[in-house]
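If you want the building blocks of each chain, they are given just below.
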Amino acid sequence: MSETEVRITGGCQCGAVRYALHAALSNPHICHCRMCQKAFGSFFAPLAGVPIDRFEVTRGTLAVFRSSDPTERGFCRDCGTPLTFRHVEAPRISVSIGSLDEPEKVPPTHQYGIEGRLAWFGTLPTLPGETSTEEDVPEAAARIAATNHQHPDHDTEAWPEARR
Amino acid sequence: MTGTAFTGGCQCGAVRFRAERLGRASVCHCRMCQKAFGAFYAPLVSAFGLTWTRGEPAHFASSNLVRRGFCAACGTPLTYERDDVTEIAIGALDDPTRAAPVIEVNPADKLPFVDGIPLLPMQPPEEAPAAADFKARVVNHQHPDHDTQAWPPAAGFGS
């Protein structure tokens, strides 16, 4: 497959912003730095990138926060999902791996920003696992599934879909 | 008692909160949480005595039972709210080390590579000079990890 035929899709939780990548993702990594932690409300940011001319917003518009002079972060203004990160001088843009429709296909290969790595980060794989929401509270899980307002993990012709 | 409350907020500082007490800290692997956070899982801790001390979050009703709060100005995911509990994003705390997760929720949805992440190699050393140069030049617009009287700083960034 030639690079121009690649199409990798993703978007925010509510579906107001959808994007397509027309190149294979490179340098999948997580960044522990405090800037990425706070932007993602999390322990790290999971990012992978493409040349910026291979990135296309296919629905809506990215809201952007200039988190420092040389960087900007794109998100959905309707639901908040962190979507992109870029150095404004660089010919490249990274997307949040969790916003991809198929994040399982983009395992990270490196850890960046190690100075911000939280002390207990290495112990997370040893945590006990709770039962699933479906097993634990089946009635609530069924109601959530029946009224899920999250955009599906594929492109849609129109969104939101007609009221159920 | 002052000094022991849990403060935090979004990246840009438009929304700040304070909680008197935190409950159970967890990571949730479900696909709803993955997509809301643009990440591999949601790190959440239940918060009690929660007040918004600057601004307020915007909300997205991700289902009929749950709404999620975020900063409309910078996007930081901030809350997961059900009628019986509000959880806050651990990374939004000024000191996330005070909320070490103790349990994984919905582990059946865990992405296959997640447990291997802590063992991944660090940034390749050949990239270090460029990274150091970047850090030397960066002028940070992120709100500091403590409450502030006014924000953004009156003197502007980079002063």
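Further up the page is the structure itself.
Conventions and cut-offs
Residues numbered from 1 in each chain as written. Chains lettered and ligands numbered in written order. Predicted model: local features only at pLDDT ≥ 70, side-chain atom pairs only at ≥ 80, totals over all residues. Pairing = 2+ DSSP bridges. Helix = DSSP H or I, 4+ residues; strand = E, 2+ residues; numbered from the N terminus. Axes fitted to C-alpha atoms, helices over the stretch in contact; angles between N-to-C directions. Contact = placed C-beta atoms within 7 Å. Nonpolar A, V, L, I, M, F, W, Y, C, P; charged D, E, K, R; others polar. Core = buried A, V, L, I, M, F, W, Y, C linked by C-beta atoms within 7 Å. Buried ≥ 20, exposed ≤ 12 C-beta atoms within 10 Å, placed from the backbone.

Colleague: Describe the sheet that holds strand β5 (residues 51-54) of chain B, with residues and values.
Modeller: Residue and element names in this part refer to chain B. Taken in spatial order, the three strands of this open sheet run β1-β2-β5, and their pairing is antiparallel. Pairing within the sheet leaves two strands with one partner each, and these edge strands are β1 (6-9) and β5. Direction aside, neighbouring strands of the sheet carry axes that sit 30° apart on average. Examined bridge by bridge, β1 and strand β2 (residues 16-19) share four bridges and lie antiparallel to one another. Residue pairing for β2: G9 is matched across the bridge by R16.

Colleague: For the interface of chain A and chain B, give the residues involved together with the corresponding values.
Modeller: On the side of chain B, 61 residues touch chain A, which itself brings 60 residues to the contact. Those elements that provide at least two residues to the side of chain A that touches chain B are α1 (34-40), β6 (63-68), β7 (71-75), β8 (82-87), β10 (110-112) and α3 (138-146) of chain A. Within the side of chain A that touches chain B, the residues separate by chemical class into 29 nonpolar, 22 polar and nine charged.

Colleague: So what's going on with the nonpolar core? Residues and values would help.
Modeller: Counting residues in hydrophobic clusters, the biggest one holds 72 residues, and the most contacted among them are A:A45, B:A42 and B:I88. In this view, B:I88 contacts B:G8, B:F17, B:A19, B:L44, B:V45, B:A47, B:L78 and B:T79; residues no more than four positions away in its chain are not counted.

Distances and angles like these do not, on their own, reveal function.
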